[in-house]
Amino acid sequence: MSTTVITNIANLVTNDPSLGDASPLGLIQDAAVVIDGDRIAWVGESSKAPATDNAFDAAGRAVIPGFVDSHSHLVFAGDRTAEFNARMSGRAYSAGGIRTTVAATRAATDAALEANLLRHLDEARRQGTTTFETKSGYGLTVEDEARALRIAAAHTEEVTYLGAHIVSPDYADDPAAYVDLVTGDMLTACAPHARWVDVFCEKGAFDGDQARAILTAGAAAGLIPRIHANQLSHGPGVQLAVELEAASADHCTHLTDADVDALAQSTSTVATLLPGAEFSTRAQWPDARRLLDAGATVALSTDCNPGSSYTSSMPFCIALAVRDMKMTPDEALWSATAGGARALRRTDIGALTPGARADLALLEAPSHVHLAYRPGVPLVSAVWQRGVRAA
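Calculation criteria
Residues numbered from 1 in each chain as written. Predicted model: local features only at pLDDT ≥ 70, side-chain atom pairs only at ≥ 80, totals over all residues. Heavy atoms only, no water. Helix = DSSP H or I, 4+ residues; strand = E, 2+ residues; numbered from the N terminus. Buried < 20%, exposed > 50% of the residue type's maximum accessible area, 1.4 Å probe, protein only. Phe/Tyr/Trp six-rings, centres within 6.5 Å; stacked < 30°, edge-to-face > 60°. Lys NZ or Arg CZ within 6 Å of the ring centre and 35° of its normal. Core = buried A, V, L, I, M, F, W, Y, C linked by side-chain atoms within 4.5 Å. Contact = heavy atoms within 4.5 Å. Pairing = 2+ DSSP bridges.

Caption draft 1: Highlighting unusual backbone geometry. If you check the backbone angles, Asn15 has positive phi at about 60° while not being a glycine. Note on placement: Asn15 falls in the loop between β1 (3–12) and β2 (28–36). By relative accessible area, Asn15 is classed as buried at 10%.

Right, here's the structure in full:
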């Protein structure tokens, strides 16, 4: 394997507080990174970098860990422009719009679904995302859910079974029978292709008892729970996530003091915030400041999906989190990298320390703060994924 050193980094974000300035970001100024194969071999001051086979001059720019997008819905077909246009003209968002994508996804070929997935992955990679989770949830039949997961699993190890996105239109008059399907034949077909099990616990989707049954069955099949919780209203999702030691409770927009306390005290469950959804639905912003001040672990992700958050841009979500969710630029970057890794229970990504996977992004800026300081500007100028220049 060849080695490569990236030198003359103005600010290197390691996410290791034992390095550099001892902050949570572990900032090292005038830094270098050595890549050996697909791993980080060394980090430190540029003047002390060891000899390598190849060299890349960062020319006074910043380097950050690759973004970890721990919540997305990328196996879909169709377009919901009309729905977005209507919503921006005054119509409220509800879970029901998912049915439009279900119809289009069922009608699409495997090749069309995979091509759409790859287009979005390339789009995200060019913006610095090197790890992504994605879900099923737009098929809602045994066959369509299983094929969505097979397609996703060919491109990421972080695959989530979300047969419980909404009650299938085929079971509109018998939700209990659909829960039986999700926890029975559908789970059997889907579990071999997934790592995670998820459920949309919300009015118009699944209540607390149904969500518990679905997540418990998934866990019994070897899948790790995560949950769409408290997005549109107060509900039992967060408390259920903590009780079942889910990896993450996602959205967390409408929280009681007891919900915040539960997340703060949990050592298992990350609060994953998805500001793209609030931006695209003109909904109430999650109160990241409240969660952080209480001591909860927070992740940021895109929730990229065709209905309520059609963005693949982690830098955009960082800017929203800083502007509208009262996070500092440092907190937002940590949550979009190390926080996402925590939400996926990964220790090999989200940081640039020896032994970590060599996933990193070069910014066309001297500091990571520019991600929020210059919103909407394409600042990611190069990406390495598993040690290979990918963008």
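Caption draft 2: Structural view of the packing of aromatic side chains. One pass over the full model with this rule turns up six aromatic pairs. Seen in terms of ring centroids, Phe56 and Trp384 are 5.1 Å apart; in terms of plane orientation they differ by 85°. Their pairing is edge-to-face. Residue Phe56 is located in strand β4 (residues 54–65), and its partner Trp384 is located in strand β15 (residues 380–385); the two are separated by 328 residues in the primary sequence. Phe56 gets classed as partly exposed once you look at its relative accessible area, which sits at 22%. For Trp384, a relative accessible area of 6% corresponds to the buried category. Ring centres 6.0 Å apart and planes at 75° place the aromatic pair Phe76 and Tyr310 in the edge-to-face group. Of this pair, Phe76 sits in the loop between β5 (67–69) and α1 (81–88) while Tyr310 sits in the loop between β13 (298–300) and α12 (314–324), placing them 234 residues apart in sequence. These aromatic residues form a ring-pair network of at least three members: Phe76, Tyr138 and Tyr310. The lysine or arginine in question, Arg226, covers the ring of Trp196, its NZ or CZ lying 4.3 Å from the ring centre.

Caption draft 3: Summary view of the nonpolar core. Formed by 85 residues in total, the largest nonpolar core has its most connected members in Tyr161, Phe206, Ile227, Leu263, Leu291 and Leu300. The element contributing the most residues to this core is helix α4 (residues 142–153), with five residues. If we ignore the near neighbours within four places in the chain, the residues touching Leu263 are Val238, Val242, Ala249, Cys252, Leu255, Thr269, Ala271, Leu291 and Ala296. Counting residues in each nonpolar core, the second largest holds 17 residues, with Val33, Val63, Leu352 and Leu360 among its members.

Caption draft 4: A look at the sheet that holds strand β14 (residues 360–363). Strand order in the open sheet formed by seven strands is β3-β2-β1-β4-β14-β15-β16, with mixed pairing between adjacent strands. Two strands close off the open sheet at either side, each with one partner strand: β3 (39–45) and β16 (388–389). Judged from the four bridges that link them, β14 and β15 form a sheet pairing that is antiparallel. Bridge assignment links Ala361 to a residue of β15, and that residue is Val383.

Structural measurements only, silent on function.
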